[in-house]
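One letter stands for each residue in the lines below.
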Amino acid sequence: MSSKPTVALLCGGQSPEHEISLLSAWSVYQAIDRQNYDLLVVGIDKQGIWYNFGDSPDFLQERENPEKVHLSNHGRACFFCRNHQVVRLWELDSGEEFAIDLAFPMLHGANGEDGTIQGLFQMLGLKYVGCDQTSSANCMDKEISKILFRAHNIRVAKGICLHKKQLSDCDVPSLIAELGLPLFVKPARAGSSIGVSKVKSPEGLLPAMRLAFQVDDKILLEEAIVGREIECAVLDDRDSLVCPAPGEVIPHDEFYSYKAKYIDKAGATLKVPAELSQSQVDEVCTIAKDAFHALGCRGMARVDFFLSENGDWILNEVNTIPGFTNISLYPQLMLKAGLSYPQLIDKLLQKALASSNAL
Ligand SMILES: Nc1ncnc2c1ncn2[C@@H]1O[C@H](COP(=O)(O)OP(=O)(O)O)[C@@H](O)[C@H]1O
Ligand SMILES: [Mg+2]
């Protein structure tokens, strides 16, 4: 029997960010130190079926050709179960069970980053990396997080939230009078810029709203902020928060679109760190840490800001499971601050092991 804790690394998932999760999971998979941890990789397919790959997740090799990935070909269908005081990964066909000590959800978007799976971990009494169920759900919901930020005196863009049933009788001229043009339309609970549009004319508003409603029943219309996009990495290390100097995203598109993020390799430039004065760095890191507390985050979060033309910090969103390939912004910012990728992973696992979610 191994005395090392066994980590279940969960990846894939049902959200449109399935493939991005596989890219991040590959980096995490390689970085987990097998001298200190045993590892089981669980791939969740787009239908929501879970497959155990043990420590040989060959499907991650094909992560850049997702059409070739059929998890059912190599993995063994599985699910978590609680057996007395032990949480196990239970293989449905063979009936084999593997005790696990903690979960590392490297999942983005719905059912991964929105509190759903965190709720399952909590019910099982399984320790896990990252934010808990409530903070994950609050960070995922751009309407709720805006309300919480305002309550903590953190500045956000002016926005109006609408539900799908309001679409038929919404008053386009008054929405535009309120927010101005251009404005942004986005699903309230999504990520990777899926369903996000920049609207430049009154005729563009309804099509942009319909697009966002394809992704979520609740959408947000927001005034456009002219300025720079600055992103902070916050790590909950033991009892204090670490926030190194932030990075900057410079999209070469109209905004930081899905294409600029993942398709067009020249779609955006990432600057690590951003060119800012020391006092600007201090200011934004203080707000990032306040935001982390305001939303009750744990473990890690990437806190994204706009730096407006007149020098104001406007918080855009908090991502509780940010992109995590070894060239993603969050790990790069930590690396600049002296924390290697494997060290970062180890800190996240140690934080989760020290948490109190146990039977
Ligand atoms: N109010 C805004 N003003 C200016 N740009 C915006 C605004 N809202 C969103 N954007 C642009 O759209 C991108 C995606 O929006 P964001 O709210 O971050 O959604 P997601 O959760 O999908 O990343 C941002 O990175 C930014 O480039
Ligand atoms: Mg974003």
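Residues numbered from 1 in each chain as written. Chains lettered and ligands numbered in written order. Predicted model: local features only at pLDDT ≥ 70, side-chain atom pairs only at ≥ 80, totals over all residues. Heavy atoms only, no water.

Q: Please provide a residue-by-residue account of the sheet that holds strand β3 (residues 50–52), values included.
A: Pairing in this open sheet of eight strands is mixed, and the strands run β6-β5-β4-β3-β2-β1-β7-β8 from one edge to the other. Only two strands of the sheet have a single partner each, and these edge strands are β6 (97–100) and β8 (127–128). Here strand β5 (residues 86–91) pairs with β6 via four bridges, running antiparallel. Among the inter-strand pairings, Trp90 is bridged to a residue of β6, identified as Glu97. Here helix α3 (residues 116–124) sits on the sheet and contacts β1 (6–12), β2 (38–44), β3, β4 (76–83), β5, β7 (102–105) and β8; the angle it forms with β4, its principal contact strand, is near 45°. (Pairing = 2+ DSSP bridges. Helix = DSSP H or I, 4+ residues; strand = E, 2+ residues; numbered from the N terminus. Contact = heavy atoms within 4.5 Å. Axes fitted to C-alpha atoms, helices over the stretch in contact; angles between N-to-C directions.)

Q: Explain the nonpolar core to me, and be specific about the residues and the numbers.
A: Grouped together as the largest cluster of nonpolar side chains are 40 residues, with contacts concentrated most on Leu9, Val28, Phe59, Phe104, Phe324, Ile345 and Leu349. Every element with two or more residues in this core is listed here: β1, α1 (18–31), β2, β7, β13 (227–237), α10 (329–336) and α11 (341–353). In this structure, this core is formed jointly by two domains, domain 1 (6–129) and domain 2 (138–155 + 226–320), each of which donates at least three residues. Among the nonpolar cores identified, the runner-up in size contains 28 residues, and Val156, Ile230, Val281 and Cys297 belong to it. (Core = buried A, V, L, I, M, F, W, Y, C linked by side-chain atoms within 4.5 Å. Buried < 20%, exposed > 50% of the residue type's maximum accessible area, 1.4 Å probe, protein only. Domains from an automatic or database assignment.)

Q: Describe in detail unusual backbone geometry, supporting the description with residues and values.
A: The omega torsion across Leu181 and Pro182 is -5°, close enough to zero to call that bond cis. Position of Pro182 relative to the elements: it lies in the loop between α6 (172–179) and β10 (183–187). Here the amide bond leading from Val272 into Pro273 is cis, since omega sits at -5°, within 30 degrees of zero. Not every positive phi belongs to a glycine, and Asn111 is a case in point at roughly 65°. With respect to the helices and strands, Asn111 occurs in the loop between β7 and α3.

Q: Quick rundown of the side chain of Asp237? Include the residues and the values.
A: Mapping Asp237 onto the fold places it in strand β13. Not counting residues within four places of it along the chain, the set of residues in contact with Asp237 comprises Val242 and Lys347.

Q: Residues and numbers for the domain arrangement of the protein chain, please.
A: Taken domain by domain, the protein chain comprises domain 1 (6–129), domain 2 (138–155 + 226–320) and domain 3 (159–223). Here domain 2 and domain 3 have C-alpha centroids that lie 22 Å from each other. Between domain 2 and domain 3, roughly 1,300 Å² of surface is buried when both sides are summed, and carbon and sulfur atoms account for 49% of that area. The interface formed by domain 2 and domain 3 includes five salt bridges. No other element matches helix α5 (residues 142–151), which puts five residues into the side of domain 2 that touches domain 3. Here the residues of the side of domain 2 that touches domain 3 sort into six nonpolar, two polar and seven charged. (Buried area = accessible area lost by both parts, 1.4 Å probe. Salt bridge = Lys/Arg side-chain N within 4 Å of Asp/Glu carboxyl O. Nonpolar A, V, L, I, M, F, W, Y, C, P; charged D, E, K, R; others polar.)

Q: Got a sec to walk through the site of ligand 1? Specific residues and values, please.
A: As a matter of local geometry, ligand 1 sits amid 19 residues, with Lys142, Lys186, Ser193, Glu222 and Glu229 nearest to it. In the environment of ligand 1, a nitrogen atom lies 2.8 Å from a nitrogen or oxygen atom belonging to the side chain of Glu222. When isolated, ligand 1 has an accessible area of 540 Å², and the protein chains bury 96% of it. Those elements giving two or more residues to the shell around ligand 1 turn out to be β10, β12 (218–223) and β18 (313–319). A per-class count over the shell around ligand 1 returns eight nonpolar, four polar and seven charged. (Near = heavy atom within 4 Å. Polar contact = N/O pair within 3.5 Å; in protein donor to acceptor, adjacent residues only side chain to side chain. Areas by Shrake-Rupley, 256 points an atom, 1.4 Å probe, with all protein chains shown as cover.)

Q: Outline the packing of helix α4 (residues 133–140) against α5, supporting the account with residue identities and numerical values.
A: Between α4 and α5, the shortest axis-to-axis distance is 5 Å and the interhelical angle comes to 100°. It follows that α4 is roughly perpendicular to α5 by the angle criterion. Here Asn138, Cys139 and Met140 of α4 come into contact with α5, specifically with Lys142, Ile144, Ser145 and Leu148. (Parallel < 35°, antiparallel > 145°, perpendicular 65-115°, else oblique.)

Q: Explain the pattern of salt bridges to me, and be specific about the residues and the numbers.
A: Going through the model one piece at a time under the given rule, you end up with 22 salt bridges. Here Glu222 and Lys186 are joined by a salt bridge, their closest N and O atoms 3.0 Å apart. Note that Glu222 is positioned in strand β12 and Lys186 in strand β10, a separation of 36 residues in sequence. Arg228 is the partner of Glu248 in a salt bridge, and the nearest nitrogen-oxygen pair spans 2.7 Å. Of this pair, Glu248 sits in strand β15 (residues 247–251) while Arg228 sits in strand β13, and the two are 20 residues apart along the sequence. Here the residues in one salt-bridge network are Asp141, Glu143 and Lys218, joined through shared partners.

Q: Go over the pairing of β4 with me, naming the residues and quoting the values.
A: On a regular strand, each side chain points to the face opposite its neighbour's, so the side chains alternate between the two faces of the sheet. Here β3 pairs with β4 via two bridges, running antiparallel. The residue of β4 that forms the bridge with Asn52 is Arg76. Sheet topology places β4 next to β5; six bridges connect them, and they run antiparallel. Within the sheet, the bridge partner assigned to Phe79 lies in β5 and is Trp90.

Q: Let's hear about the pairing of β18: which residues, and what values?
A: Most of β18 is tucked away, with six of its seven residues classed as buried. The sheet contact formed by strand β17 (residues 300–308) and β18 spans six bridges and is antiparallel. The residue of β18 that forms the bridge with Asp304 is Glu317. Counting the residues that bridge the hairpin from β17 to β18 gives four residues, and of these Gly311 lies at a positive phi of roughly 90°.

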